[in-house]
Every structure is written in structure tokens, then in C-alpha cells.
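# Coordinate inspection notes
What follows is each chain in one-letter form.
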Amino acid sequence: MSLSSYYNWFCKVHRSKMREVFIILLCLQFCVILECAIFPKGVKKCHFGDTECIKNSANELIRNYPQGIPAIGLKPLDVVPVKDVVLVNDSQVGVTWYFFQLVDQINYGFENTTITEINGFDKDPTSTQIVVKGVIPRVIYKGNYNAKGRMLWMVDINSTGKSESEFLNFFFEITLKVLTEYRNNKRYLKIYQLVPNIGLDRWVQWLENFFPENTDLTIAINKLFNANWVEFWNELEKPILECQILPKSIKKCHYGDSKCIIESMNNVIKHYPKGIPAIGLKPTDVVDIQDVELWNENVGFFFEFRLFNQVNYGFENTTITQVKGFNREPTATTMEIHGRVPSLIHKGNYIANGRIWLLKVNSTGESYTDFQNFRFTLKLKVIMEYRNNTRYLKIYELVPTINMKRWILWLEDFFKENTDLTLFVNKVFNENCINDLIRSYPKGIPEIGLPPLDATALNDIPILDSPYRGPIWLTFYIRDTVNKGFNNATVTHVAGFNRDPRMEKIVIKARIPRVIHEATYDMQGQVMFLKSNTTGKLESDFQNIHVTLTFKIILEYRNQKRYLRIYDLVPVVSLDRWIIRLDNLYKENIDLTFVLNRVFNEHWVELWNDLEPGLMKVFALSFSSMLNQVFENVAYDDMFLPD
């Protein structure tokens, strides 16, 4: 995590904490205004909808009660403490990681708030949005920080000190929706949606002792931040469009309380068949499905089948029967969800085209399926993502298991010109036990085009192709690649070159004194204020390389001879030294280009360990291309002596 990433999180916490504290205070203030039974005597009551009066009363409340009103729960406005928070807690491995904690935090200045506009406090506040606008001349944030980390092989951070920020002319607009609760024959407001929008005229920030052993660097970093604060604010200020609160009927549970979690899941399914858009839950009563294509080709038989306009009905009747793994650390084990759906209806359209011996099919029509007593088990593994100091789960592996008591299928007009044959085919299908096929072949049947049913994997993600476009991101591509030096390779071991090379994997081990890798690179990115958009020459010198190639092949027959073709190659590479040079890394600054190349070469081992998976793709392509050229032109049997 680079220094700019630290600023990213640091900016966010100030922004989010200020927003959070200020919103809470506003809500409390307006609840006091509306609660006539305990309304302070020094503040004037208003008629419903009298926006000018309500604005003045709110400002009187803020000015006259900077110490708060404990009797009604209004906290002090002049000194607002914020609880300790760990902003970043990366795994302390690799070339880039970061830990940052803020403690002993206090905000000053909220007592000087001026409300400039209020709308929506009508007799029925639920009939429209409530909008509150205001300004704070100056907000002071003070606290202490603890920081540890490493940035791009070059800088280690281990510091603690005071943190102070000054926000000048801080203005805000808050739009909220409320619902009314009745207690003791009185109406109380409860916020269920809140959209904040904030801005400011100046932000001054200081981190004391950020680099304890280098005062000049600490001053430079703080100076750099304050000189470019607008760029940081514009890039990091992404206002929260909606601040949603979970529906009241969803019961929260303790970690690992399976019984409670099952109950809550079933309540969500039961009470929200239309989904909950605010938290990303889609409707369960009508579930759209993307188009699916199935095909197979064999001797005397080929078949293409496509399903489209697909909709499933019945998921709203799902009952969760068992859950596992919803513990405090969900990444430590496999999570499981078991459930049952009484009847799952699938409707859609199909297109079928094919031939089964002499019987040709070319039809389109409606498809109807009823999966009865549908039972499922989902086993999933997750990784943890941290956003805004909150943990979010992301599934990286999901293994479903399904079975059912009965499957009824109907394909309309399967044989357009022969209704009796259409009836016969549907009857045969429904009288056969298709469930045996699903249970017996969880890995699928490639010969008939049945895909695997037991696992769904994610696609690979490029290492240097950052989708995030914030203060720190980087994409790096290479092209026009040429490798030199393979002619000096010495093969030290081979295995698998048998009469039938398909019987086992082929293994080749070799040593190459030196390989020169030349290419053109394209790099785009930003590290703090240092932006890059450059193209140049790349040269790598890999010295004393040890290579193990493990590959699988297929046989192709041409002119009554067997030829090999590699379809899977896994390289394992180790080396004694890697020297890299990136030309024109920063075109406008030759010195910076020189310094970064020097840093890369001094820390090449760490760089290699982090980039090895991506580099292996380059090696795999190189070795595959080279070997396939040989195998393409030389028949396999011609490589060996005759019997």
C-alpha cells in the first residue's frame, strides 16, 4: 500500500466520521424540535411546514445548547469524540502492505453550525423528502495515529504521532426519508434513508512524525498533501448516495448462531419476495436467467439447443434448513447453505437444431419445467474485502449439489410436423429418471456436452490491470516480445516420451545460462500525484535459469503419421539473477526513471516473487510456441528409431 493509499483511507475517515457525527447530531436536534412535550423553553415552537421558523429554531437550539441536552439525549456539539478505528489492516506480506489506526479522536466546531435551509417538516413528514442544508465555518479534527507498512520495496513505515486536520467553510446538504412510529399516542420519526452531500473551501492537514528518522520527508509529504488537497478531495469524495438501514424485521444474530441465522434468512425470503434493492437483494418470486447454449457432435449425431427468455418462479417459497460457517472469521472454513424449494417452475423459449441418425430436428417453441421438491446444498469459500472500515464477503468458489423428487418437462412443437412424435418424446423424457444422471455424473459428461455440475470457478485476474481509478492504480502490458538464448539450453532430464505419449505427462528439465527478454511495454497509472502514461522498451536479463516443463498433448493424424500438439503446459522456473531495464519509464524525468530501475534491480527477488504468476504466463506462451513449432513439422514417430 503506497503513501497515496494511506491518504485515501485517511481522507475517507475524516470525511465519513465527520459525516456520521454530524448526521447523528442533526437527527437528534430535529427530533428535539418535533418533540413538543420536552421542547426547550428557550427555543420557539413552529407550525408544520413553516420552514423559516423551523430554520431559526434549529439555529437557536445549536447556539444555546453547545453542551447538549442530556435529558433528551442530545450530545455536546462543541467537543465531539470519535471512537478508535483501524482503517487498514493488511496481511503483512509482500511488497506492499499497510496498517493504520486512529485513536483518541476529537472534533471541534460543530457548535458553530448554521442551518441555511430546511424543507419537508410538514404535518405528514413521510409524504415527501426532508432536506437540510447548512454550513460550519471551521471544523478541527485532532487525534493520534499508529502506522506500519511497506511501500513498493522502497520505504518501510513504523510511526506514531499526532494527527490534525482543519476543514474550512464546511457545507452540507442532507436528504432523508422517515417513517412514523407511534408510542404513547405520539408520533416519533425514524430515518430509513439518508443521502448526504458535502463540500468545503479548504483542507489543511498535518501528520506529526510520519517518518520519525527523516523530518524533511515528513514535512515534504505534509506540504505535498496541502498543496494538492483539492485533487485528493475531488478524487476521494464519492458521496454516499444512500445510507440504508436494514429492514426492521431482519433479526441480527451472533456469529456462529446457526439457528438464529436460519430464522433470519427465512424471514427475509418470506417477507421480501420482491427483494431489497437497497442492500442488493434481487426479487425471488421472478428470477430472470441468461441465455444457455448446449451442443454436442458425434458420429451420426449432432445437436444444438439454446434456451432464452428464461424465468424461474418459486424461489420465494424457499426454506433454509441448515447453515454452517457463518463465524467471526468466515474465511477460515467452508460455508454451507442447505435449503428446499417445494416447486420450482422454469419457463422460457428454446431453439433446437440437429440430427439423430436419420431423424432431423429444426424447431423452436416454449419450454416448461417443474422441479418438484427441489433440494440444494451450496458450499462456498469466500475472501474478505475491506471498504470504509467494514468487512465485505466475496465468493471465489461455489460448489452446488442439487437433487429433486420429480422433474416434469414439456417442449412445445419439438417436431412441428408431427404432433404425435412431440408427445412421444416428452412422454419418454418424463418417464425416465433424469435424476440418476445428475447424481451419477457430478463432474459432467464431456462426451455428450454435459458441463460440470459440482464446481463453478472464477476467471483469472491480471496482476497489473487495476480496475480502480483512484489515487493509486496501475496497468502494465507487454507486446512485441522476443526471447533470446534458448539455443544455449542444456536438457538435463526427460520423461513421458513413450510409444503412446498420452499415457502420462511429458516432463522436460533444462538449464539455460542466460535468456534475454525484449519487448515493448505500455504503462498507465497513478501513484499519489505521480501520473504515468508511457510506452517504451523493456529488457530483462534472466541468468542461470532452471526450467521444468510439464505438459499434456493430443495426437493429430496427418498423412498417416502422428503429430503432437501441446494443449496444457505448466512451467516452473527458478533463477540466480534478474536484471531489468525499463526505458522512458517517466519521459519528463530521466533521473526518476534511473532511480526506479535501480530500486527494481536491488529488490529483484521480492519483485520476482510478487510477479511470478504473471511472468509464468509469458514463459508458458514462449515454451509452447517454440515446442509446437517443432511438433508441427516433425512427426512424433519420426523422432525415434524404428522397432
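Shown above is the structure to which this text applies.
Here we summarise the structure given alongside this text. (Residues numbered from 1 in each chain as written. Predicted model: local features only at pLDDT ≥ 70, side-chain atom pairs only at ≥ 80, totals over all residues. Heavy atoms only, no water.)

So, about the overall build of the chain. Scanning the chain from terminus to terminus reveals 9 helices and 24 strands. When burial is assessed residue by residue, the chain has 39% of its 643 residues classed as buried. Counting only carbon and sulfur atoms, one obtains 54% of the accessible surface of the chain, whose full area is about 37,000 Å². (Helix = DSSP H or I, 4+ residues; strand = E, 2+ residues; numbered from the N terminus. Buried < 20%, exposed > 50% of the residue type's maximum accessible area, 1.4 Å probe, protein only. Areas by Shrake-Rupley, 256 points an atom, 1.4 Å probe, with all protein chains shown as cover.)

So, about helix α2 (residues 51–64). Taking 1.5 Å per residue as the helical rise, α2 with its 14 residues ought to reach 20 Å, and the 20 Å between its terminal C-alpha atoms agrees with that figure. All of the buried residues in α2 are C53, I54, K55, S57, A58, N59, L61 and I62. (Expected span 1.5 Å × (residues − 1).)

Here we come to the packing of aromatic side chains. Two numbers describe a pair of aromatic rings. These are the distance of the centres and the angle of the planes. A full pass over the atoms with the stated rule returns 10 aromatic pairs. Each ring, one from F305 and one from Y350, has its centre 5.6 Å from the other, and the planes form 10°; the classification is stacked. Linking F305 in strand β12 (residues 301–313) with Y350 in strand β14 (residues 335–356), this pair joins segments that are 45 residues apart in sequence. Pair check on accessibility: F305 and Y350 agree, each one buried. (Phe/Tyr/Trp six-rings, centres within 6.5 Å; stacked < 30°, edge-to-face > 60°.)

A surface patch of nonpolar side chains, amounting to about 290 Å² of accessible area, comprises V630, V634, M639 and F640. For V630, the location among the structural elements is in helix α9 (residues 604–633). A relative accessible area of 43% means that V630 is categorised as partly exposed. (Patch = residues over 30% accessible without salt bridge, like charges linked within 9 Å, V, L, I, M, F, W, Y side chains within 5 Å. Salt bridge = Lys/Arg side-chain N within 4 Å of Asp/Glu carboxyl O.)

Before going further, it helps to spend a moment on the environment of T390. Note on placement: T390 falls in strand β16 (residues 390–403). For T390, a relative accessible area of 35% corresponds to the partly exposed category. For the pair formed by T390 and V86, sequence separation is 304 residues and the distance between their alpha carbons is 10.0 Å.

Evaluation of the coordinates by the stated rule reveals 2 disulfides. C46 shares a disulfide with C53; S-S distance 2.0 Å. A torsion of -80° about the S-S bond marks the disulfide between C46 and C53 as left-handed. Taking the relative accessible area as the measure of exposure, C46 reaches 28% and is therefore partly exposed. Accessibility expressed as a relative area gives 10% for C53, which makes it buried. Here the cysteine-cysteine linkages of the chain are recorded as 1-2, 3-4, numbering only bonded cysteines and doing so in sequence order. (Disulfide = S-S within 2.5 Å.)

This part covers the pattern of salt bridges. Under the criterion given, the structure shown has 11 salt bridges. Here E117 makes a salt bridge to K133, at a shortest N to O gap of 3.6 Å. Note that E117 is positioned in strand β4 (residues 114–119) and K133 in strand β5 (residues 130–151), a separation of 16 residues in sequence. Classification of E117 as partly exposed rests on a relative accessible area of 32%. The closest approach of N and O atoms between D500 and R502, which form a salt bridge, is 3.0 Å. Counted as one network, the salt bridges with shared partners bring together E556, R558 and R565.

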